[in-house]
Amino acid sequence: MEQNNGCECCHKTKERSEQEYKDLIHRLNRIEGQIRGIKGMVEKDVYCPEILVQVAAANAALNSFNKVLLANHIRTCVARDIREGKEETIDELVSTLQKLMK
């Protein structure tokens, strides 16, 4: 659920279900491990193509994370705001999608 934290800048927050939270954190932990692995490969002077393959895997994992997060956002926040008549949420979603597709 999005909330206004009472500050002038109106930061939004989102309360996630325990399952959604665990899934997102699990994905991020795996990505973090991949990044540490890539760093280790660079430190050990591993051959460039092997590192590039691991970077591609990390990029794919980040893209997958984005897809899951975006789908959850659309199903919860966006759907709720549209039902409540908050049309500005559509503009926010379009802007977010444009940033993701750069």
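Residues numbered from 1 in each chain as written. Predicted model: local features only at pLDDT ≥ 70, side-chain atom pairs only at ≥ 80, totals over all residues. Heavy atoms only, no water.

## Some remarks on the overall build of the protein chain
Here is step 1: Helices and strands together make up the secondary structure of the protein chain, namely 3 helices and 0 strands.
Here is step 2: The order of helices and strands in the protein chain, counted from the N terminus, is α-α-α.
Here is step 3: Intrachain contacts of the protein chain at a sequence separation of at least 6 include 45% that bridge at least 24 residues. (Helix = DSSP H or I, 4+ residues; strand = E, 2+ residues; numbered from the N terminus. Contact = heavy atoms within 4.5 Å.)

## Re the confidence of the model for the protein chain
Here is step 1: Residues with a pLDDT of 70 or more make up 89% of the protein chain, whose mean pLDDT is 90.
Here is step 2: In this model residues 1–9 is a low-confidence stretch, pLDDT under 50, and it forms 18 contacts with partners more than four residues away in sequence or in other chains. (pLDDT = per-residue confidence, 0-100.)

## Some details on the packing of helix α2 (residues 48–83) against helix α3 (residues 88–100)
Here is step 1: At a minimum axis distance of 10 Å, the contact between α2 and α3 shows a crossing angle of 165°. Here α2 is positioned roughly antiparallel relative to α3, judged by the angle of their axes. Every pair of crossing elements has a handedness; the one defined by α2 and α3 is left-handed. Touching N66, L70, H73, I74, V78, D81 and I82 of α2 are T89, I90, E92, L93, L97 and L100, all from α3.
Here is step 2: Along the lines of polarity and charge, the residues of the contact of α2 with α3 split into 8 nonpolar, 3 polar and 2 charged. (Axes fitted to C-alpha atoms, helices over the stretch in contact; angles between N-to-C directions. Parallel < 35°, antiparallel > 145°, perpendicular 65-115°, else oblique. Left-handed = near helix turned anticlockwise from the far one by under 90°. Nonpolar A, V, L, I, M, F, W, Y, C, P; charged D, E, K, R; others polar.)

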